[in-house]
Amino acid sequence: MNDRERHDAGMTVRREALGDAHVDRAVAGTDAFTADFQDFITRYAWGEVWSRPGLDRRTRSCVTLAVLAALHHDEELAMHVRAALRNGLSPQEVAEVLLQVGVYAGVPAANQAFRVAREALRQEPGEA
């Protein structure tokens, strides 16, 4: 697969996971400074990793939520909570992932992640 095909595949997965509105905002906000980064995450995060057949999107969402919560990346966590719903997780399954975070990354990380996730779950589903 060449870079253009990888970008196109990544954009498809990115839109399916995050929603058109989110991706359209990200694309519209791209400028000369951020263009290479936007291309990078579209081709590699979405076009290479999220497109691999080894894990389904639900599982990838679980892993992503756990890592983002453990690393306290709250803005990305909120976005990926909403994406997890689009990828088929229920709010209860999101909570289960965050309980797992509490055991392995610490109660403070899970406590903050629950706050972020609760707010993200209150937003419109298409607002990833």
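A quick note: this is a predicted structure, and the numbers were derived from the prediction, not measured.

**Concerning the overall build of the chain**
Link 1 in the chain: When its secondary structure is counted, the chain shows seven helices and zero strands.
Link 2 in the chain: Mapped from its N terminus to its C terminus, the chain presents α and β elements in the order α-α-α-α-α-α-α.
Link 3 in the chain: Relative to its length of 128 residues, the chain is compact, with a C-alpha radius of gyration of 15 Å against a globular reference of 14 Å.
Link 4 in the chain: Along the longest, intermediate and shortest principal axes, the C-alpha atoms of the chain span 40 × 30 × 25 Å.
Link 5 in the chain: The buried share of the chain, taken over its 128 residues, is 37%.
Link 6 in the chain: Sequence-distant contacts in the chain: of pairs separated by 6 or more residues, those separated by 24 or more amount to 69%.
Link 7 in the chain: Accessible surface, the chain as shown: approximately 7,400 Å² in total, 56% of it carbon and sulfur.
Link 8 in the chain: Put simply, the chain has 15 plus and 19 minus side-chain charges, and the middle of one group is 3 Å from the middle of the other.

**Quick word on the nonpolar core**
Link 1 in the chain: If you look at the biggest cluster of nonpolar residues, it comprises 18 residues, and the most contacted ones within it are Leu65, Ala69, Leu77, Val81, Val94 and Leu98.
Link 2 in the chain: Counting only elements with at least two residues in this core, the list comes to α4 (57-70), α5 (74-86), α6 (91-105) and α7 (107-122).
Link 3 in the chain: The leading source of residues in this core is α7, at six residues.
Link 4 in the chain: Not counting the four nearest positions on each side in its chain, Val94 is found in contact with Leu65, Val81, Ala84, Leu89 and Ala117.

**A closer look at helix α2 (residues 20-28)**
Note on helix geometry: an α-helix contains 3.6 residues per turn, so any two residues three or four positions apart are oriented the same way.
Link 1 in the chain: Residues of α2 that are buried include every one of His22, Val23 and Ala26, and no others. Buried residues in α2, looked at end-on, bunch into an arc of 95 degrees, giving them a common side.

**Describing the UniProt feature "domain: Carboxymuconolactone decarboxylase-like" (unreviewed entry) in the chain**
Link 1 in the chain: With numbering aligned to this structure, UniProt lists the feature "domain: Carboxymuconolactone decarboxylase-like" (unreviewed entry) at residues 36-119.
Link 2 in the chain: Segment residues 36-119 splits into 82% helix and 0% strand. End C-alpha atoms: 31 Å apart.

**Looking at α4**
Link 1 in the chain: With 14 residues, α4 extends 20 Å from end C-alpha to end C-alpha; this agrees with the ideal 20 Å at 1.5 Å per step.
Link 2 in the chain: Among all positions in α4, only Arg60, Ser61, Thr64, Leu65, Leu68 and Ala69 are buried. The buried residues of α4 occupy an angular sector of 155 degrees when the element is viewed end-on, so they sit on one face.
Link 3 in the chain: Of the residues that open α4, the one with a side-chain oxygen 3.3 Å from the backbone nitrogen of Arg58 is Asp56.
Link 4 in the chain: Phi turns positive, to about 60 degrees, at His72, one or two residues after α4.

**Digging into the domain arrangement of the chain**
Link 1 in the chain: Per the domain assignment, the segments making up the chain are domain 1 (3-46) and domain 2 (57-123).
Link 2 in the chain: Each partner contributes to the interface: domain 1 provides eight residues, whereas domain 2 provides six residues.
Link 3 in the chain: The junction of domain 1 with domain 2 conceals about 560 Å² of combined surface from both sides, 56% of it contributed by carbon and sulfur atoms.
Link 4 in the chain: When the buried surface of domain 1 facing domain 2 is broken down by residue, Glu16, Ala17 and Leu18 rank first, second and third, together holding 63% of it.
Link 5 in the chain: Here Glu16 makes a salt bridge to Arg57, at a shortest N to O gap of 2.6 Å.
Link 6 in the chain: Across the contact surface, domain 1 and domain 2 share three residue pairs in polar contact (both at pLDDT 80 or more).
Link 7 in the chain: If one sorts the elements of the side of domain 1 that touches domain 2 by residue count, helix α1 (residues 3-18) sits on top with five residues.
Link 8 in the chain: Residue composition of the side of domain 1 that touches domain 2, grouped by class: four nonpolar, two polar and two charged.

Definitions and cut-offs
Residues numbered from 1 in each chain as written. Predicted model: local features only at pLDDT ≥ 70, side-chain atom pairs only at ≥ 80, totals over all residues. Heavy atoms only, no water. Helix = DSSP H or I, 4+ residues; strand = E, 2+ residues; numbered from the N terminus. Rg over C-alpha atoms; globule rule 2.2 N^0.38 Å. Buried < 20%, exposed > 50% of the residue type's maximum accessible area, 1.4 Å probe, protein only. Contact = heavy atoms within 4.5 Å. Areas by Shrake-Rupley, 256 points an atom, 1.4 Å probe, with all protein chains shown as cover. Lys, Arg positive; Asp, Glu negative; His and termini not counted. Charge placed at Lys NZ, Arg CZ, Asp CG, Glu CD. Core = buried A, V, L, I, M, F, W, Y, C linked by side-chain atoms within 4.5 Å. Arc of directions from axis to C-beta. UniProt positions renumbered as here; feature names shortened; annotations may be inferred. Expected span 1.5 Å × (residues − 1). Polar contact = N/O pair within 3.5 Å; in protein donor to acceptor, adjacent residues only side chain to side chain. Domains from an automatic or database assignment. Buried area = accessible area lost by both parts, 1.4 Å probe. Salt bridge = Lys/Arg side-chain N within 4 Å of Asp/Glu carboxyl O. Nonpolar A, V, L, I, M, F, W, Y, C, P; charged D, E, K, R; others polar.

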